[in-house]
Amino acid sequence: MEVPTATSLHDIYPDDAIPVEKTRWEKLLASFKEKYGHQADFVSRSPGRVNLIGEHIDYSLYEVLPMAVTADFLMAVAVRPTTGKATVRIANVLSEKFPSREFEIPAEGEVPIDASAHEWTNYFKSGLRGATKLLQQKKKDARFTSVGMDILSDGTVPSGGGLSSSAAFVCTSALTVMKANGEEKVDKTELCELAIVSERAVGVNSGGMDQSASVFSLRGSALYVSFKPSLTATPISFPSTSPELTFVIAQSFVAADKHVTAPVCYNLRVVECTLAAVYLAKVFNLKTPLPTDSSPLGTSLRGFHDTYFEEKEGISDNSKTSVTDFKVQLEKLAQLTQDYLIQEEGYTRADICGLLGISEDELNAKYMSKFTVRAERFMLRQRALHVFTEAERVIKFRQLLSSPPTDGAGDALLTSLGDLMNATQDSCRDVYDCSCPELDELCTLARGAGAYGSRLTGAGWGGCSVHLVPKDKVDAVRSVWEKEYYRKKWPEISDEKLAEAVVVSKPGSGSAVFKVL
Ligand code: NG1
Ligand code: MG
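Quick caveat, the model's predicted, so the values are computed rather than measured.

**Some thoughts on the pairing of strand β13 (residues 464-470)**
With 7 of its 7 residues buried, β13 lies for the most part within the structure. Neither face of β13 is left uncovered, since the one carrying Cys 464, Val 466, Leu 468 and Pro 470 and the one carrying Ser 465, His 467 and Val 469 both have all their residues buried. Judged from the 7 bridges that link them, strand β9 (residues 245-251) and β13 form a sheet pairing that is antiparallel. Note on β13: the bridge partner recorded for Gln 251 is Cys 464. Bridge analysis of strand β12 (residues 453-457) against β13 gives 5 bridges, and the strand direction is antiparallel. Along β13, the bridge assignment pairs Ser 454 with His 467.

Spelled out as structure tokens, the structure:
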């Protein structure tokens, strides 16, 4: 499937978003011309996403269920004539916050990225790197380097907000470089896979959910993303229910800058899940070594999952296992984790090395050198428990959407969906420890005002929450947040900040390119 070329904003945005987006796009193109003295050749865009369910399990290679939101990252682009060397001029409509930069694309080797500096153009450079590598492969020319570009960007996905602003930026950047270098058709899977690898170059050892949602989403549908045996994205439409099913996104306004907290938060969770996989393999004495896979550190709980059932129950290809049997497998793994990973206080390096029979230097080199983490104890039991139970909640959520319960009014479905979302929030807060008091408060307030389900969305530790709210309760939920949360914490909060805080999100479309005629 290729990234579509949009010929109208209606191909990209829901009707109610068109007036605002039309003004935004016209302003972007006018500013481009003013800044660079000529008009853009095309505009590339990728949206942010909200994750409905399946949190912190994509890097363990379990299925997740995000959907694209309207907010996106735009780049107006013109190819720069190369006078011998290729240079990039990149600017942002918010020029104070994101200063204009100009840099040369080296004829040899990769464009340098200093991941320690929180330089906004690093995301573009990581997309440029990834796309250049892909183009070198496609053109079978290792010496190929990208053309130069003039770029003016405009992102409306709140950064550090759990709506994957970073993935939207990287996907748009990679798409921009592919199109600027004359790729007529850009394959969605190729774009997505290069964006996943590129984002890790910027310092966060992330999974692939965000980029998949950003690239593959189709307007009106959520997306069931699978990473094994290979990356696939299946649109999931919402049953029409009464009351109408609405997802509301609420910012906590607690900045969750993953780069700063990664060594004790996000990147640490990736290490804990990887160690849980290798530890469990040893506890059950698996003869077959865990498969090397696309997870950030090359080994995952999913890899352990498939290997365990291959050895213990002779299941040669688990991707053919029925959904019902897969759920039974997950329940069994959760029980085994309860019974065998008994150290509630966590596992020290010595504990882990003792069982694995390797030295602490080997452990650090193998699992903690690519991205630093800071921890004395690794909570293997809790992280594995969350992952196995969360993977099952995703399957149940998807089954409910595709075959809604017929008994009772529409709210039987909403109640069941909401219960799953609430269980995810409890597990994120109590077992995976990636929530925060502000997110917990937003969820409690929403449930009290009529939400069926409320949970953090994205990495957590701040950022956004997502709530399943019947249409006729959205105003009640919004006003309780305003009164009990936003105006209490920030009495001076402005009306536009308040408007930005709560968004009713319809499932949006994914990456697209718009030819400027
Ligand atoms: P955010 O931080 O919301 O973009 C992050 C990861 C995802 C996934 C979620 C948790 C990045 C770029 N993305 O999303 O892969 O692991 O956390 O489910 O870090
Ligand atoms: Mg992100």
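The discussion continues.
**Details of the side chain of Ser 509**
In this fold, Ser 509 is placed in the loop between β14 (502-505) and β15 (512-515). The class of Ser 509 is buried, set by a relative accessible area of 10%. Polar side-chain contacts of Ser 509 include one of 2.7 Å to the backbone oxygen of Ile 12. Discounting residues that sit within four places of it in the chain, Ser 509 has contacts with Asp 11, Ile 12, Arg 45, Pro 47, Ala 68, Ser 217, Leu 218 and Arg 219.

**Focus: the site of ligand 1**
Taken together, the neighbourhood of ligand 1 is formed by 18 residues, with Glu 55, Asp 58, Asp 210, Lys 258 and Tyr 266 sitting nearest. Taking Gly 162, its main chain carries an N or O atom lying 3.4 Å from an oxygen atom of ligand 1. In this structure, Tyr 266 approaches ligand 1 through a side-chain N or O atom, which is 2.7 Å from an oxygen atom. Coverage of ligand 1 by the protein amounts to 98% of the 430 Å² it exposes when considered alone.

**With respect to the domain arrangement of the protein**
When cut into domains, the protein gives domain 1 (5-238 + 507-515), domain 2 (241-254 + 434-506) and domain 3 (258-403). For domain 1 and domain 2, the distance between their C-alpha centroids amounts to 28 Å. Each partner contributes to the interface: domain 1 provides 19 residues, whereas domain 2 provides 17 residues. In this assembly, domain 1 packs against domain 2 so that about 1300 Å² is buried in total across both faces, 61% of it on carbon and sulfur atoms. In terms of surface lost to domain 2, no three residues of domain 1 exceed Leu 52, Glu 55 and His 56, which account for 31% of the buried area on that side.

**Re unusual backbone geometry**
With an omega of -5°, the peptide bond running from Lys 228 to Pro 229 counts as cis. Tracing the chain through its elements places Pro 229 in the loop between β7 (221-226) and β8 (232-237). Here Leu 61, not a glycine, exhibits a phi torsion of approximately 65°, which is positive. Among the structural elements, Leu 61 can be located in the loop between β2 (42-53) and β3 (65-80). The class for Leu 61 is buried, based on a relative accessible area of 3%. With a phi angle near 55°, Trp 461 is a residue other than glycine that sits in the positive phi range. Note on placement: Trp 461 falls in the loop between β12 and β13. Owing to a relative accessible area of 17%, Trp 461 belongs among the buried residues under this scheme.

Scoring rules and cut-offs
Residues numbered from 1 in each chain as written. Chains lettered and ligands numbered in written order. Predicted model: local features only at pLDDT ≥ 70, side-chain atom pairs only at ≥ 80, totals over all residues. Heavy atoms only, no water. Buried < 20%, exposed > 50% of the residue type's maximum accessible area, 1.4 Å probe, protein only. Helix = DSSP H or I, 4+ residues; strand = E, 2+ residues; numbered from the N terminus. Pairing = 2+ DSSP bridges. Polar contact = N/O pair within 3.5 Å; in protein donor to acceptor, adjacent residues only side chain to side chain. Contact = heavy atoms within 4.5 Å. Near = heavy atom within 4 Å. Areas by Shrake-Rupley, 256 points an atom, 1.4 Å probe, with all protein chains shown as cover. Domains from an automatic or database assignment. Buried area = accessible area lost by both parts, 1.4 Å probe.

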